[in-house]
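The residues making up each chain are set out below.
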Amino acid sequence: MPFKSPIPNHYDIIIIGAGPAGATCALQLRHSKLNVLLIDKATFPRSKTCGDAITGRSIKTLFRCCPELVEQFRTFPLKTEIKHTRLNINHHKPIDIHWVNEAYCCRRADFDQAFLQGVRQYAPNVQIVEGFQVNDIIEDDTVPGRYIVGNSNQQRYFSTQFLVGSDGTQSIVGKKLTTTRLEQNHHAGAVRAYFSGVKGLHLNRTEVFVLPEFMPGYFWVFPLSEDTANIGFGMLTSSIAQQKINLKEAIYAFIQASPELKARFDESTQEGKLEGFGLALGSRRVPMSGEHFLLAGDAASLIDPASGEGISNAIVSGKMAAETIVAAFEAQDFSADFVKDYDKKLFKIIGKELKTSTILLRSFLFAPKLLDVSAYLMGNPFFKRLAKRLM
């Protein structure tokens with residue numbers, strides 16, 4: 001039906017979701033002269049349940065998008081620089097991987113706030129609306145190709161020629177405009193908490209632990225200060241259902257099952273609640289675009305299936321989304337065929353890694369003893385290089 005309320009404020013582009021994917025898209029559009037609206041349901045700074053790891057690809061991509069913001073972030077005090085990752089697999093000798101590209105651990109509340117502040121500072125063509133929950137998306141049949149988005153309870157709406165859904169795993173844009181739905185084999189659940197008083201933390205080193213009785217899943221320890229860490233445990237959703245796993249119990253059981261972790265956490269204090277979250281894995285290709293719209297970040301199911309890391313692919317997708325949108329406006333072609341170029345170019349960059357990670361995930365799922373083999377092989381420089389590309 002035609003939109004009958006007063007004509008909404010119109011924008012060339014509306015981006016729903018101001019996390020890394022949406023903020024990157026907005027920043028990449030800063031020189032486009034297009035009128036952009038960036039909406040988020042939260043008011044920043046806001047807590048975001050995540051592992052808090054900012055990988056090297058994230059920083060490299062963001063530098064190409066907005067070097068000024070990266071230079072600011074390099075002096076940002078609320079982060080730790082990560083140079084190593086230690087893999088602890090089934091009680092074997094730990095494996096240390098040394099990183100070349102800069103990477104960080106930073107609470108998402110701080111990182112996303114700094115990111116959004118960068119949009120305010122460096123993208124004057126972007127208007128930001130916080131604390132606004134979009135629950136209605138209408139295809140306006142009075143203006144071909146126009147979407148109207150807003151909140152039906154508040155009766156507040158905006159219209160746009162191009163819509164970007166960067167609003168996470170439960171994306172309303174994805175639900176309204178695609179047929180993609182959650183599948184347990186392509187989804188993971190995780191819990192995380194902050195702990196202080198953790199012994200043996202190294203500021204420049206993240207840690208991953210795998211134990212056979214908690215497969216297929218892994219436990220992480222990501223440092224935020226000399227004695228405070230983001231700790232978490234994640235597992236494939238289908239396995240959680242089959243094994244009737246309670247993740248909030250499993251994370252504490254994991255600590256008790258590892259002699260090393262038990263000793264390191266025996267005098268620690270949990271800071272705040274244990275929080276759960278879902279991850280839409282990139283182990284399947286889902287529709288990411290259509291006429292006058294596209295999806296980015298977690299909304300497009302781009303989380304690495306093996307590592308569970310999603311920020312880097314979110315940032316890459318946000319940049320690619322903006323480039324596709326600019327090309328569409330220049331050509332005045334917003335057809336599904338034209339916008340599909342976004343999917344193709346994005347998967348040229350991240351497709352091989354997602355495929356390799358998917359193979360690894362399924363291999364460990366069906367043959368857990370391969371983890372012992374991998375622990376042995378990781379002593380080989382070739383396999384260490386492969387691990388670097390996947391983490």
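The paragraphs below set out a description of the structure included in this document. None of these values were measured; they are calculated from a predicted model.

Counting its secondary structure elements, the protein chain contains 13 helices and 16 strands. The C-alpha radius of gyration of the protein chain comes to 21 Å, within 12% of the 21 Å expected for a compact globule of 391 residues. C-alpha atoms of the protein chain, sized along the principal axes, occupy 65 × 40 × 40 Å. By the burial criterion, 55% of the 391 residues in the protein chain qualify as buried. By sequence separation, contacts in the protein chain at least 24 residues apart represent 72% of the contacts at least 6 residues apart.

In the structure shown here, the tally under the stated rule is 16 aromatic pairs. Ring geometry for Phe73 versus Phe76: centroids 5.8 Å apart, planes at 25°, classification stacked. Owing to a relative accessible area of 9%, Phe73 belongs among the buried residues under this scheme. Among the aromatic side chains, those forming a connected cluster through ring pairs are Phe73, Phe76, Tyr104, Phe111 and Phe115. The ring of Phe73 has Lys79 lying over it, and the distance from NZ or CZ to the ring centre is 5.6 Å. One residue, Arg285, lies across the ring of Phe347, its end atom 3.6 Å from the ring centre.

You can see Thr24 is positioned in helix α1 (residues 20-28). Leave out the neighbours within four places in its chain, and Thr24 touches Leu62, Cys65, Phe115, Ile315, Gly318 and Lys319.

Checked against the element boundaries, Glu271 lands in strand β14 (residues 269-280). In this structure the C-alpha to C-alpha distance between Glu271 and Gly51, which are 220 residues apart in sequence, comes to 15 Å. When sequence neighbours within four positions are dropped, the list of residues in contact with Glu271 reads Tyr194, Phe195 and Ser196.

Here we come to the sheet that holds strand β4 (residues 80-89). The mixed open sheet is built from eight strands, whose spatial order is β3-β5-β4-β11-β12-β13-β10-β14. Each having just a single partner strand, β3 (53-54) and β14 make up the two edges of the open sheet. Pairing of strand β11 (residues 205-210) with strand β12 (residues 217-223), which is carried by three bridges, proceeds in the antiparallel orientation. From the neighbouring strand, Glu207 faces β12, where its bridge partner is Val221. Along the sheet, helix α2 (residues 56-65) contacts β3 and β5 (95-105); its crossing angle with β5, the most-contacted strand, is approximately 30°.

Turning our eyes to something else, we now look at helix α7 (residues 247-257). Of all the positions in α7, only Leu247, Ala250, Ile251, Phe254 and Ile255 are classed as buried. Within α7, the buried residues cover an arc of 140° as seen down the axis, which keeps them to one side. Structurally, the start of α7 carries an N-cap: the backbone nitrogen of Lys248 is 2.9 Å from a side-chain oxygen of Asn246.

Criteria and thresholds
- Residues numbered from 1 in each chain as written.
- Predicted model: local features only at pLDDT ≥ 70, side-chain atom pairs only at ≥ 80, totals over all residues.
- Heavy atoms only, no water.
- Helix = DSSP H or I, 4+ residues; strand = E, 2+ residues; numbered from the N terminus.
- Rg over C-alpha atoms; globule rule 2.2 N^0.38 Å.
- Buried < 20%, exposed > 50% of the residue type's maximum accessible area, 1.4 Å probe, protein only.
- Contact = heavy atoms within 4.5 Å.
- Phe/Tyr/Trp six-rings, centres within 6.5 Å; stacked < 30°, edge-to-face > 60°.
- Lys NZ or Arg CZ within 6 Å of the ring centre and 35° of its normal.
- Pairing = 2+ DSSP bridges.
- Axes fitted to C-alpha atoms, helices over the stretch in contact; angles between N-to-C directions.
- Arc of directions from axis to C-beta.
- Polar contact = N/O pair within 3.5 Å; in protein donor to acceptor, adjacent residues only side chain to side chain.

Shape descriptors only; they carry no functional weight alone.
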